[in-house]
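Spelled out from the first residue to the last, the chains are:
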Amino acid sequence: MKIWSSEHVFGHPWDTVIKAAMKKYPNPMNPCVVGVDVLERTVDSLGRLHSHRLLSTEWGLPTLVKAILGTNMTLTYIKEHSVVDPLEKKMELFSTNITLTHLVSVDERLVYTPHPENPEMTVLTQEAIIMVKGIGLGSYLESLMAKTISSNAKKGWAAIEWIIQNSEDPVS
């Protein structure tokens, strides 16, 4: 098992970042996400928005990794559940793969909150738990996947910035 974690600060207020995060896909920074389906969206009695989505992703695994895993499958599905609490100003997002679970599991948690010292900024904390199962090179593959998750996280931050910049541009 490998645990990856990160923290990123956006130079935008929480409301702005959350709106962009909810519209994160598709975007040019994360072309591996090829589809997003909203399965359910509800507001609970406390005013929190719950969303369940299915993400279709193209992993684009290197040939060596495909050989080690014993699969040519690269289209994978991820289930995502998010809770946006506008009163607490907190968004939590949980995701896990539902494809290839007999080989690998990636459980990710993202939390967006206002910066404690500057309300014009937003803090994103991320954590992923990676487990490769039943493979001799499991720890190597877990480390490789952690590097990929780190790279994808940076692309995700850039995507949110891109969405914010493009939504603030006047429509011509």
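Preceding this section is the structure that the text describes.
All of the points below concern the structure found in this document. Keep in mind that this is a model prediction, so the values were computed, not measured.

The subject of this paragraph is the side chain of Thr96. Assignment of secondary structure puts Thr96 in strand 5 (residues 90–97). A relative accessible area of 17% places Thr96 in the buried class. Reaching out from Thr96, the side chain makes a polar contact with the side chain of Asp107 at a distance of 2.4 Å. Those residues in contact with Thr96, other than ones at most four positions away along the chain, are Tyr77, Ile78, Lys79, Val106 and Asp107.

The next point concerns a nonpolar patch on the surface. On the surface, a nonpolar cluster with roughly 330 Å² of combined accessible area is contributed by Val34, Leu75, Tyr77 and Ile98. Along the chain, Val34 turns up in strand 2 (residues 33–43). Relative accessible area serves as the criterion here: at 54%, Val34 is assigned to the exposed category.

Turning our attention to the nonpolar core. Counting residues in hydrophobic clusters, the biggest one holds 29 residues, and the most contacted among them are Phe10, Met91, Tyr112 and Ile160. Of all elements in the fold, only strand 1 (2–10), helix 1 (14–22), strand 5, strand 6 (104–114), strand 7 (122–132) and helix 3 (138–168) reach the threshold of two or more residues within this core. For this core, the leading source of residues is helix 3, giving 8 residues. Beyond its immediate sequence surroundings of up to four residues, Phe10 is in contact with Val17, Tyr112, Met121, Thr122, Leu124, Trp157, Ile160 and Glu161.

Bringing the sheet that holds strand 1 into the picture now. Paired through their backbone hydrogen bonds, the strands of a sheet run either parallel or antiparallel. Across the sheet, 7 strands lie side by side as 1-7-6-5-4-3-2; this open sheet has antiparallel pairing. What marks the edges here is a single partner per strand, and that holds for strand 1 and strand 2. Strand-to-strand twist in this sheet, taken as the mean axis angle between neighbours without regard to direction, amounts to 15°. Judged from the 8 bridges that link them, strand 4 (residues 75–85) and strand 5 form a sheet pairing that is antiparallel. Pairing of Val84 across the sheet is with Met91, part of strand 5.

Criteria and cut-off values
- Residues numbered from 1 in each chain as written.
- Predicted model: local features only at pLDDT ≥ 70, side-chain atom pairs only at ≥ 80, totals over all residues.
- Heavy atoms only, no water.
- Helix = DSSP H or I, 4+ residues; strand = E, 2+ residues; numbered from the N terminus.
- Buried < 20%, exposed > 50% of the residue type's maximum accessible area, 1.4 Å probe, protein only.
- Polar contact = N/O pair within 3.5 Å; in protein donor to acceptor, adjacent residues only side chain to side chain.
- Contact = heavy atoms within 4.5 Å.
- Patch = residues over 30% accessible without salt bridge, like charges linked within 9 Å, V, L, I, M, F, W, Y side chains within 5 Å.
- Areas by Shrake-Rupley, 256 points an atom, 1.4 Å probe, with all protein chains shown as cover.
- Salt bridge = Lys/Arg side-chain N within 4 Å of Asp/Glu carboxyl O.
- Core = buried A, V, L, I, M, F, W, Y, C linked by side-chain atoms within 4.5 Å.
- Pairing = 2+ DSSP bridges.
- Axes fitted to C-alpha atoms, helices over the stretch in contact; angles between N-to-C directions.

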